[in-house]
Amino acid sequence: MCGIVGYVGSGQALEVLLHGLTRLEYRGYDSAGLAVARPGSITIAKAEGKLSRLKGIVDPTALSGHLGIGHTRWATHGVPSDRNAHPHSDTSGDFVVVHNGIVENFRTLRDQLELRGVTFRSDTDTEVLAHLVAEAFDGDLTEAVRYAIGQAQGAYALVAMTAHRPDRIVAARMTSPLVVGLGENETFLASDIPAILKYTQRFQLVEDGEIVTVTEAGAAFETFSGNPIEKKPFTVDWETDSVFKGGFDHFMEKEIHEQPEVIARTMGTRIRAGADGGERVALEGLRWLDQSPDGVNRIRITACGTAYHAGLVGRILFEQLAGIPGEVAYAHELRYGNPLFEEGLLTLAISQSGETADTLAAGRLSREHGSRLLALTNVVGSSLAREADDVIYTWAGPEISVASTKAYIAMLVGETLLALEMGRRSGRLSPAEEGELVAELRGLPSKATRILESPDEIVRLAEELAKWPNVYFIGRGLDHATAMEGALKLKEISYIHAEAMPSGELKHGTLALISPGVPVVAVATNPQVHSKVLLGLQEVKARRGQVIAVAFEDDQEIGSVSDHVIRIPRTAHLLSPILAAIPLQLLAYHTARRLGRDIDQPRNLAKSVTVE
Ligand code: F6R
């Protein structure tokens, strides 16, 4: 949700800014812009639309210099346009800011500034910050930024520079992520680590409530109230390769194909040989499990989007494997829903990015009411990871495509490990039962590979789906969660309307929309209700709907009620969502591809939603 990059050092800022923006474009692509400072002047280039438009207009001579900031925008206040693109400057043009987040009281601040004679040149909330910094500047940029954020309410990361001090950038963070990268005679700022990983592997995180003054010598941290903070750098050893497409046409395609490896990595060292020779889960570092394993009476899972769908699967796993009742709540509903809290309630917040504003807020609310907060997230050091009492990392690696795929699969594996761990500790699962499921888990990477090796049928079906304006997805129990995720994938990247529901719900209204040929994708891996699913599909067939089923390869009956069957290797029912999601991801991908959509950066969306 907007990406920020900054550079000060001996090199050319422009090169770093364009590289960083390329890596950050997944966060927003309504417009892009950058500013480079030289003593006495700042030059800005910005353009509505994707970064390629900005790249087409930048003039390296006009933008040469050693200090600069850049921004990719996901519009909140003001339509996507050149004038609303960041950076924004004050009236003199000597003070320039970029901003990620929302200034909630911008209307009041704008009115006050206008009364003081300021003329605004954009519709954004951000511009007030540029004017406030300029107004307060008396030679000290850090103090001017402190003044500006003292006026502003909301959630943001703000980065400012001025032509009067072309040796520094000053940034402040209140909820939106920001990281400092340390180099030799150069220092970087960015919304995330991959944006500057090409230049350094040493980082310092900017925390909420901190201001950082960045010069080529490094970064000086202090609290909003001015107390200095000592901060040790940390090193990351991620492969820079993981942020390239590696021979695939899209990041989404690459990330789908990484899933066998991701399943194995999420399990990683968390599976060990047990005393009886069988394998068992060993999830470590969960303090609450060690201290009071019996203290959890109920699990409330909270998340948004794809992570919410992972939560739907998790609820069933926790109930079935650990005997712990659960509920799943959209984070944006939970935070304003006056939820009830009771003794023994564990809140599990799931978020790939660990930065989704609603998920963070729901997690905070839960902690405030005494619930223990467990995070399941992909991003080490993310806000959610830092705020939670305990963290399970999914280890999916950087996910660049806006549509989440490998992070979802890794969430499912993470939840399975947790449910198995809790089930064993509670005595609900015998070592033999645990061993059986662990052995099945071990087999998933090769089964996932088999699905990925035979995409021809899916490509053909995608050509069919691409002709239809509406597609319906059905399934029961765990299959319903998979259907929800399949529908979301299809709509977000192909722009085809897709709707998912439990199979049994179809006849309560939606069946009215089934006419000859209308595609109904049925996920049918649930053995407990297989015959019921077949009955439901008969009803679709009776209206001459077109049934596309996802079923186990040895399912003998499904063919009789389906027009097409996508077969997946058989696995334990509780693990089936991990495999069944993969063909639906491929179906969405190939449909979007057939329609010529912008697969990695679908319209109107952004990778991490750091605003309400
Ligand atoms: C869909 C998608 C979104 C995210 C949602 C939550 O493909 O990616 O629905 O799942 O915005 O994001 P995180 O998991 O980062 O909290």
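Structure: see above.
All of these numbers come straight from a predicted model, not from anything done at the bench.

Quick notes on the rules
- Residues numbered from 1 in each chain as written.
- Predicted model: local features only at pLDDT ≥ 70, side-chain atom pairs only at ≥ 80, totals over all residues.
- Heavy atoms only, no water.
- Salt bridge = Lys/Arg side-chain N within 4 Å of Asp/Glu carboxyl O.
- Helix = DSSP H or I, 4+ residues; strand = E, 2+ residues; numbered from the N terminus.
- Buried < 20%, exposed > 50% of the residue type's maximum accessible area, 1.4 Å probe, protein only.
- Pairing = 2+ DSSP bridges.
- Contact = heavy atoms within 4.5 Å.
- Near = heavy atom within 4 Å.
- Polar contact = N/O pair within 3.5 Å; in protein donor to acceptor, adjacent residues only side chain to side chain.
- Areas by Shrake-Rupley, 256 points an atom, 1.4 Å probe, with all protein chains shown as cover.
- Nonpolar A, V, L, I, M, F, W, Y, C, P; charged D, E, K, R; others polar.
- Core = buried A, V, L, I, M, F, W, Y, C linked by side-chain atoms within 4.5 Å.
- Lys, Arg positive; Asp, Glu negative; His and termini not counted.
- Phe/Tyr/Trp six-rings, centres within 6.5 Å; stacked < 30°, edge-to-face > 60°.
- Lys NZ or Arg CZ within 6 Å of the ring centre and 35° of its normal.

Trainee: Mind showing me how you'd approach the pattern of salt bridges here?
Mentor: Note on pairing: side chains with opposite charge can pair once their charged atoms come close. This model, assessed by the stated rule, comprises 39 salt bridges. One salt bridge connects Arg173 with Asp208, and the closest N-O pair in it is separated by 2.7 Å. With Arg173 in strand 8 (residues 169-174) and Asp208 in the loop between strand 11 (202-205) and strand 12 (210-215), this pair connects stretches of sequence that are 35 residues apart. On the accessibility criterion, Arg173 (2% relative accessible area) is buried. The closest approach of N and O atoms between Arg298 and Glu342, which form a salt bridge, is 2.7 Å. Separated by 44 residues along the polypeptide, Arg298 in strand 18 (residues 298-303) and Glu342 in the loop between helix 10 (331-334) and strand 20 (345-351) bring together distant segments of the chain. According to the relative accessible area criterion, Arg298 is buried, its value standing at 16%. What you see here is one network of salt bridges that share partners, running through Arg298, Arg300, Glu327 and Glu342.

Trainee: What should I look at first to understand the sheet that holds strand 15 (residues 234-235) in this one?
Mentor: In a beta sheet, neighbouring strands are held together by backbone hydrogen bonds and run either parallel or antiparallel to one another. Spatially, eight strands are ordered 3-2-4-1-10-9-11-15 in an open sheet, and the strand pairing comes out antiparallel. Whereas interior strands pair on both sides, the edge strands pair on one side only; in this sheet they are strand 3 (41-48) and strand 15. The sheet contact formed by strand 9 (residues 179-182) and strand 11 spans four bridges and is antiparallel. Pairing of Val179 across the sheet is with Leu205, part of strand 11.

Trainee: What am I meant to see in the environment of Val520 here?
Mentor: Structurally, the position occupied by Val520 is in strand 25 (residues 519-523). Between the alpha carbons of Val520 and Ser562 there is a distance of 9.6 Å; along the sequence they are 42 residues apart. Other than its neighbours up to four places away in sequence, Val520 contacts Tyr472, Ile474, Ile514, Val540, Gln546, Val547 and Ile548.

Trainee: Would you take a moment to explain the site of the ligand for this structure?
Mentor: Taken together, 14 residues lie near the ligand, and Ser351, Gln352, Ser353, Thr356 and Glu492 sit nearest. Between an oxygen atom of the ligand and a side-chain N or O atom of Ser351, the distance comes to 2.6 Å. Within the side chain of Thr356, an N or O atom sits 2.4 Å from an oxygen atom of the ligand. If the ligand stood free it would expose 410 Å²; the protein chains cover 90% of that surface. For the shell around the ligand, the secondary structure elements donating two or more residues are helix 9 (305-322) and helix 16 (478-494). Of the residues belonging to the shell around the ligand, the class tally is five nonpolar, seven polar and two charged.

Trainee: Explain the nonpolar core to me, please; I cannot follow it from the model alone.
Mentor: Counting 87 residues, the largest nonpolar core has Trp288, Ile299, Leu418, Met422, Leu441 and Phe473 as the members making the most contacts within it. Ranked by residues supplied to this core, first place goes to helix 18 (residues 576-594) with eleven residues. If near-sequence neighbours (up to four positions away) are discounted, Ile299 is found in contact with Phe318, Ile324, Pro325, Gly326, Glu327, Leu345, Leu346, Leu348 and Met422.

Trainee: Would you mind going over the side chain of Asp125 with me for this structure?
Mentor: Position of Asp125 among the secondary structure elements: in the loop between helix 3 (106-115) and helix 4 (127-136). Lacking a salt bridge, the buried Asp125 has Arg73 as its closest oppositely charged neighbour, with an N-O distance of 6.3 Å. Separated by 2.9 Å, the side chain of Asp125 and the backbone nitrogen of Val103 make a polar contact. Side-chain polar atoms of Asp125 contact the side chain of Thr126, separated by 3.5 Å. The contact partners of Asp125, leaving out residues within four places of it in the chain, are Thr76, His77, His99, Gly101, Ile102, Val103 and Phe106.

Trainee: Honestly, the environment of Ser366 in this entry has me stumped. Any pointers?
Mentor: The residue Ser366 is located in helix 11 (residues 357-368) in this model. Judged by relative accessible area, Ser366 falls into the buried class, the value being 0%. Taking C-alpha positions, Ser366 is 9.2 Å from Leu345, a pair spaced 21 residues apart along the chain.

Trainee: Whenever I open this one, the packing of aromatic side chains confuses me. Can you help?
Mentor: Here a ring pair, both rings aromatic, is described through the centre-centre distance and the interplanar angle of the planes. Counting across every chain of the model gives six aromatic pairs. Geometrically, the ring pair formed by Phe95 and Phe137 is edge-to-face, given 5.0 Å between the ring centres and 65° between the ring planes. Placement of Phe95 in strand 6 (residues 95-103) and of Phe137 in the loop between helix 4 and helix 5 (141-151) is noted, with a sequence separation of 42 residues between them. Overall, Phe95 belongs to the buried group, its relative accessible area being 5%. A ring pair is formed by Tyr393 and Trp395, whose centres lie 5.3 Å apart and whose planes are at 40°; its orientation type is tilted. Among the residues examined, Tyr393 registers a relative accessible area of 18% and is labelled buried. Members of the aromatic cluster, each reached through a chain of ring pairs, are Tyr7, Phe188 and Tyr199. The lysine or arginine in question, Lys50, covers the ring of Tyr29, its NZ or CZ lying 5.3 Å from the ring centre.

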